[in-house]
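Observations on chain architecture
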Amino acid sequence: MTEDTSSEPFDILVIGAGPAGSAAAFCAARAGLRVALVDKARFPRDKLCGGLFTGRSRAYYREVFGQEFETDRAVNLSEIEFWYQDRRLARLSDIPPVNLTMRRDLDATLLDHALAAGAVDFTGRAIATLDDAGVSLRDGTRLEASVLIGADGVNSITARHLFGAPFDKETIGFGLEIEATPEEQPPKDHPLRIDFAAATWGYGWSFPKQHSTTVGVGGLHAPNPDMKAHFSAYLQSLDLPDDTRRFKGHYLPFGDFRKAPGRAHILLAGDAAGLVDPITGEGIALAMKSGQLAAEAATAALRDGRPETAYTRYHTALRDMHRSLRIARMLRPIIFAPRWQGAFTRTFERSGTVRMQYMRLLAGEVEYPELARAVLRRLPRYLMNRIRRSRGPI
Ligand SMILES: Cc1cc2nc3c(=O)[nH]c(=O)nc-3n(C[C@H](O)[C@H](O)[C@H](O)COP(=O)(O)OP(=O)(O)OC[C@H]3O[C@@H](n4cnc5c(N)ncnc54)[C@H](O)[C@@H]3O)c2cc1C
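Thresholds, definitions, all that
- Residues numbered from 1 in each chain as written.
- Predicted model: local features only at pLDDT ≥ 70, side-chain atom pairs only at ≥ 80, totals over all residues.
- Heavy atoms only, no water.
- Buried < 20%, exposed > 50% of the residue type's maximum accessible area, 1.4 Å probe, protein only.
- Helix = DSSP H or I, 4+ residues; strand = E, 2+ residues; numbered from the N terminus.
- Arc of directions from axis to C-beta.
- Contact = heavy atoms within 4.5 Å.
- Polar contact = N/O pair within 3.5 Å; in protein donor to acceptor, adjacent residues only side chain to side chain.
- Salt bridge = Lys/Arg side-chain N within 4 Å of Asp/Glu carboxyl O.
- Domains from an automatic or database assignment.
- Buried area = accessible area lost by both parts, 1.4 Å probe.

Before going further, it helps to examine helix H7 (residues 310-317). For H7, the set of buried residues is Ala-310, Tyr-311 and Tyr-314. Buried residues of H7, viewed axially, fall in a sector of 90 degrees; they line one side. On its buried side, H7 packs onto strand E11 (142-150), strand E17 (262-263), strand E18 (266-268) and helix H6 (284-303).

Laid out in structure tokens, this is it:
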């Protein structure tokens, strides 16, 4: 919908039109509320991201937007390779399908859904100031609303307004990427690939798209002070040019979610709330879902005439997601801690069950609480084997 010139305040002001913001704006507008959707970028716009759209993303997309995800502009694969250093651990050819998207296309589609549902379009408009009541745009427009949803990504100005800083430098993640041209790496000839050793407490990826291959490394920022060096080494291992001028970097909240994502009538969703899977780095699915939950909490609070209760409702609605992320953080050292990674990759190489669980996780067929129970069931046998091996033959 185009701009509304009435001076009436909006019910909901959504800041940021990525997956979290467009999902929030779509759900709130669908519920009949007056919604303003602001983004400094004009769409379609690029966003540094692998663009891996998993089974979990597809399931949440269906729940949020009430339709199936259209896969015609994505590369759709059922094959994946896992590597550790120069060793291929596994090539799996019957995984649940994953879609490799370009965020330029994906986010433009999500924004279209939000605008078609009735959200008023303020994209391509920079924000000058933000306060508890709304925002002032650089062009002088003032937008106010009863509830604000900050879906403005990892460098969120809404989180900065609430808490003084958008994220904690000690626990944040960071990623670097290039788009390899078809001449450098023909996407059709290369599989979807994950490299466990490409960064410390992180991994590398090579994701074939329709017209390029997105190659990147990402992981916790603190143990990777020189992520560029990791990336150069990774590109060389793939026989790709490691021209640092092409590197693009972006923070990602790699599992450091905000325990209190908001206050009263101001809510944070997606990366602004730190909602990224701490093992896979997947954030699109949780961004869309948290956008929906934020919109539902805001809608209920407004229907009750108590917008200041929106945060409490939202926090309650996020309980399962937060629990799942806490468990994932607990499991993360098994995969990424340098002293255990050798054991993990050997187990991954040998055990079809472990590989299957990892893939079911990516497909959204299993959530972390269930995975944790499976790990605990296997732990006694694993420990017994370790003890037996360390004793040698009897
Ligand atoms: C290198 C890398 C690779 C990744 N790969 C994957 C992957 O393969 N699969 C996956 O699921 N996730 C991946 N992620 C994570 C994923 O990109 C994020 O979790 C996801 O984009 C979060 O969505 P969001 O809507 O919260 O924020 P964003 O997508 O960041 O959207 C925020 C929006 O807010 C706008 N904005 C920001 N500041 C302002 C402002 N001041 N005023 C107005 N507008 C503003 C921005 O323009 C932007 O449009 C990756 C992240 C990185 C860094």
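Turning next to helix H2 (residues 55-65). Helical geometry note: an α-helix holds 3.6 residues per turn, so side chains three or four residues apart project in the same direction. By the criterion of burial, H2 is predominantly enclosed, with eight of the 11 residues buried. Along H2, the positions that sit buried rather than exposed are Gly-55, Arg-56, Ser-57, Arg-58, Tyr-60, Tyr-61, Val-64 and Phe-65. Where H2 starts, the residue carrying a side-chain oxygen 3.2 Å from the main-chain nitrogen of Arg-56 turns out to be Thr-54.

On to the pattern of salt bridges, then. A full pass over the atoms with the stated rule returns 24 salt bridges. The partner of Asp-46 in a salt bridge is Arg-104, and the shortest N-O contact between them spans 3.6 Å. Of this pair, Asp-46 sits in the loop between strand E2 (35-39) and strand E3 (52-53) while Arg-104 is found in helix H3 (residues 103-116), placing the two residues 58 residues apart along the sequence. By relative accessible area, which is 35% here, Arg-104 ends up partly exposed. Among the salt bridges present, the one from Asp-139 reaches Arg-125, with a minimum N-O distance of 2.7 Å. With Asp-139 in the loop between strand E10 (134-137) and E11 and Arg-125 in the loop between strand E8 (120-123) and strand E9 (127-131), this pair connects stretches of sequence that are 14 residues apart. The network of salt bridges with shared partners includes Arg-56, Asp-277, Glu-282 and Glu-367.

Attention shifts here to the domain arrangement of the protein. When the domains of the protein are assigned, the result is domain 1 (10-51 + 102-168 + 257-317), domain 2 (173-252) and domain 3 (325-391). Distance between the C-alpha centres of domain 1 and domain 2: 29 Å. With 13 residues of domain 1 at the interface, the matching set in domain 2 holds 14 residues. When domain 1 packs against domain 2, close to 1000 Å² is buried across both sides, 66% of that on carbon and sulfur atoms. The largest per-residue losses of area from domain 1 upon contact with domain 2 belong to Leu-48, Gly-50 and Met-102, which jointly make up 50% of the total buried on that side.

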